[in-house]
Amino acid sequence: MSHDPIQPTRDDRFTFGLWTVGNPGRDPFGAATRAVQDPCRIVQKLSECGAWGVNLHDEDLIPFGSSAAKRDGIVADFKKALDDHGMVVPMATTNLFSQPIFKDGAFTANDPKVRAFALQKTMTAIELGVELGASTYVFWGGREGTETDACRDPQEATRRFRHAIDYLCEFVKDRGYDLRFALEAKPNEPRGDIYLATTGHMLAFIATLKNEEMVGVNPEVAHESMAGLSMTHNVAQAMEAGKLFHIDLNGQRIGRYDQDLRFGSEDLKQAFLLVRLLEGTAGTTPYTGPLHFDAHAYRTEDDAGVWDFARGCMRTYKLLAERARGFDADSEVRDIIAAMTDAAIDPLLGAPYSAASAEALRAMPIDIDTIAKRGLRYERLDQLMIENLMGAR
Ligand code: DIG
Ligand code: MN
Ligand code: MN
């Protein structure tokens, strides 16, 4: 069989959650259109598609309320499936949003018994994730929010969330686990407003934690887009801060509910720019963590369509990475984006403040009229990107 350069391999570090390809097609307005899949079959099918790993919420694998014996049997079967199909579990997380007890939130709920149960459930789920080999633990606070903000002081909500993350960091340290936390933001849905709505909010929040070095972010394309923000800018800020611990890739059309569409299926230009950033093809430091597709197939799809969806996510990422390499190797592109330098000014801008440098900087002659008139050739640059994406370069 001829070599397909777009065929995913384990080296690509592609992962899917059990809940993504296992999504049965249920939505708020309709019943499931697909059978619920066994987690072990999902492992096999993802392996056949070329994925590297599979992620999970506790309840994706262990039904809520399972006995210890049932839990151990399920885990044993799942571990065998992972071994049989050469798959790993890079990330785990807790479902703190499905059970009715979390209807007012989990870590931020007004009832201390709910907050205590959320901690209990998360510690148990962390043990499961560690047992399966996870090195990243995601917190998506799907129910940490409000419909009516009269229900609690939002400052208190922040304090409760901080207590939970600080407490669980200490739990991980006490157990000696090699585990980092990644906080995932979303502006709304299922709550009217969700606290810590964007990756930027999460980065500011992380700076207030006791063990902030253990905690990073897990930005999701759909969630940042729902907030009307640039996923690429927000991921870049996290990368520059050394806080991009994980990433959720999918597709989203602006102004809509959280669609979690196949990666690259909507805003192809922004998907290209995100892949270019992650792959570092412009000469920047690449992201080397898991590439997780937190997405699901259209409700219209049967089982075969689900695996078309999974292959599509991975193929589009690889095709965009190949396009990004070509774009940044294009001499015309490189010429336009070549770093502007100035032998006299660069040393002043590259050094910390001093009275002497301030004096020199303020004495520097700058021809503002000539600079203001100069064209930057960004129209040509963006057209080169479009033509590259359309296969015309
Ligand atoms: C939703 O975007 C959330 C949940 O699916 C999960 O907790 C997290 C991990 O990817 N993303
Ligand atoms: Mn989502
Ligand atoms: Mn997500």
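Above this text you will find the structure in question.
Since this is a predicted model, take the numbers as computed values, not measurements.

Here is what the cut-offs are and how they apply
Throughout this document, residue positions are counted from 1 along each chain, in the order its sequence is written. To label them, take the chains in the order written and letter them from A, then take the ligands in the order written and number them from 1. Where local features are concerned, this predicted model is filtered to residues with pLDDT of at least 70; where side-chain atom pairs are given and counted, the filter is 80 or more; whole-chain, interface and lining totals use all residues. Each side-chain value is worked out from all heavy atoms of the structure, with water and hydrogens disregarded. In this text, helices come from DSSP runs of H or I with a minimum length of four residues, and strands from runs of E with a minimum of two, each type numbered from the N-terminal end. With the radius of gyration taken over C-alpha atoms, the globule rule is written as 2.2 Å times the number of residues to the power 0.38. Partly exposed describes any residue whose relative accessible area lies between the buried limit of under 20% and the exposed limit of over 50%, with all areas from a 1.4 Å probe on protein chains only and scaled to the type maximum. Shrake-Rupley sampling with a 1.4 Å probe provides the accessible areas, and residues are treated as covered by the protein chains on show and by no other component. When charges are counted, neither His nor the chain ends are considered; positive counts come from Lys and Arg and negative counts from Asp and Glu. Here the site of a charge means NZ on Lys, CZ on Arg, CG on Asp, or CD on Glu. In this text, near means that some heavy atom of the residue lies within 4 Å of the molecule or strand in question. By the criterion applied in these results, polar contacts are pairs of N or O atoms within 3.5 Å in which, for protein atoms, one can donate a hydrogen and the other can accept it, and in which residues neighboring in sequence qualify only through two side-chain atoms. Throughout this entry, Asp, Glu, Lys and Arg are counted as charged residues, while Ala, Val, Leu, Ile, Met, Phe, Trp, Tyr, Cys and Pro are counted as nonpolar. The remaining residues, Gly among them, count as polar. Any N, O or S atom lying within 2.8 Å of the metal counts as a donor, and for Na, K and Ca the limit rises to 3.2 Å; water is left out, so some sites can look incomplete. Residues are treated as being in contact if the distance between any of their heavy atoms lies within 4.5 Å. Working rule for geometry: tetrahedral if four donors all subtend angles between 85 and 135 degrees; square planar for four, octahedral for six, if opposite donors exceed 155 degrees and the others stay between 65 and 115; irregular in every other situation. Exposure above 30% relative accessible area and no salt bridge define the residues that can form patches, which grow by joining like charges within 9 Å and nonpolar side chains of Val, Leu, Ile, Met, Phe, Trp and Tyr within 5 Å. Here, a salt bridge means any Lys or Arg side-chain nitrogen found within 4 Å of an Asp or Glu carboxyl oxygen.

1. Re the overall build of the protein chain
Next, step 1: From N to C terminus, the protein chain includes 16 helices and 10 strands.
Next, step 2: Taking 2.2 N^0.38 as the reference for a compact globule, 393 residues should give roughly 21 Å; the C-alpha atoms of the protein chain span a radius of gyration of 23 Å, in line with that estimate.
Next, step 3: C-alpha atoms of the protein chain, sized along the principal axes, occupy 75 × 60 × 40 Å.
Next, step 4: Within the protein chain, the proportion of its 393 residues that are buried is 49%.
Next, step 5: Total accessible area on the protein chain is roughly 19,300 Å²; 54% of this is exposed by carbon and sulfur atoms.
Next, step 6: When the 44 positive and 58 negative side-chain charges of the protein chain are each reduced to one mean point, those points stand 2 Å apart.

2. Overview of unusual backbone geometry
Next, step 1: In the segment running from Glu-189 into Pro-190, the intervening peptide bond is cis, with an omega of 10°.
Next, step 2: Here Pro-190 shows up in the loop between strand E6 (180-184) and strand E7 (193-194).
Next, step 3: Phi at Arg-13 takes a positive value of approximately 65°, unusual for a residue other than glycine.
Next, step 4: Within the secondary structure layout, Arg-13 lies in the segment before strand E1 (14-17).

3. Thoughts on the site of ligand 1
Next, step 1: Neighbouring ligand 1 are 13 residues, the closest being His-57, Glu-184, Glu-220, Asp-248 and Asp-294.
Next, step 2: In the environment of ligand 1, a nitrogen atom lies 2.8 Å from a nitrogen or oxygen atom belonging to the side chain of Glu-184.
Next, step 3: Glu-220 is positioned such that a nitrogen or oxygen atom in its side chain is 2.7 Å from an oxygen atom of ligand 1.
Next, step 4: In the complex, the protein chains occlude 95% of the 300 Å² of accessible area that ligand 1 would expose alone.
Next, step 5: Contributions of two or more residues to the shell around ligand 1 are made by strand E3 (91-93) and strand E4 (136-140).
Next, step 6: Broken down by class, the residue content of the shell around ligand 1 amounts to four nonpolar, five polar and four charged.

4. Concerning the coordination of the manganese ion (ligand 2)
Next, step 1: Around the manganese ion (ligand 2), the protein contributes the donor atoms Glu-220 (OE), His-223 (NE2), Asp-258 (OD), Asp-258 (OD) and Asp-260 (OD), which lie 2.1 to 2.7 Å from the metal centre.
Next, step 2: Read from N- to C-terminus, the donor residues coordinating the manganese ion (ligand 2) fall into the pattern E-x2-H-x34-D-x1-D.
Next, step 3: A separation of 4.5 Å is found between the manganese ion (ligand 2) and the manganese ion (ligand 3), both of which receive a donor from Glu-220.
Next, step 4: Overall, Glu-220 belongs to the buried group, its relative accessible area being 1%.

5. Side note on the environment of Pro-219
Next, step 1: Along the chain, Pro-219 turns up in the loop between strand E8 (215-217) and helix H8 (221-226).
Next, step 2: In this structure, the C-alpha to C-alpha distance between Pro-219 and Asp-267, residues 48 residues apart in sequence, is 17 Å.
Next, step 3: Residues contacting Pro-219, with those up to four places away along its chain left out, are Thr-199, Met-231, Val-235, Leu-244, His-246, Ile-247 and Asp-248.

6. Some remarks on the coordination of the manganese ion (ligand 3)
Next, step 1: Coordination of the manganese ion (ligand 3) by the protein involves Glu-184 (OE), Glu-220 (OE), Asp-248 (OD) and Asp-294 (OD), with metal-donor separations of 2.0 to 2.2 Å.
Next, step 2: Each of the six donor atoms bound to the manganese ion (ligand 3) contributes to angles spanning 74 to 173°, and the resulting shape is irregular.
Next, step 3: Counting residues between consecutive donors of the manganese ion (ligand 3) along the chain gives the motif E-x35-E-x27-D-x45-D.
Next, step 4: Looking at Asp-294, the relative accessible area reads 9%, which means it is buried.

7. As for a nonpolar patch on the surface
Next, step 1: The grouping of Met-340, Leu-376 and Tyr-378 at the surface amounts to a nonpolar patch, some 340 Å² of accessible area in total.
Next, step 2: Summarising the element assignment, Tyr-378 is placed in helix H16 (residues 378-389).

8. Overview of the side chain of Asp-328
Next, step 1: Tracing the sequence through the fold places Asp-328 in helix H11 (residues 303-329).
Next, step 2: Beyond its immediate sequence surroundings of up to four residues, Asp-328 is in contact with Arg-276, Thr-281, Ala-282, Arg-334 and Ile-337.

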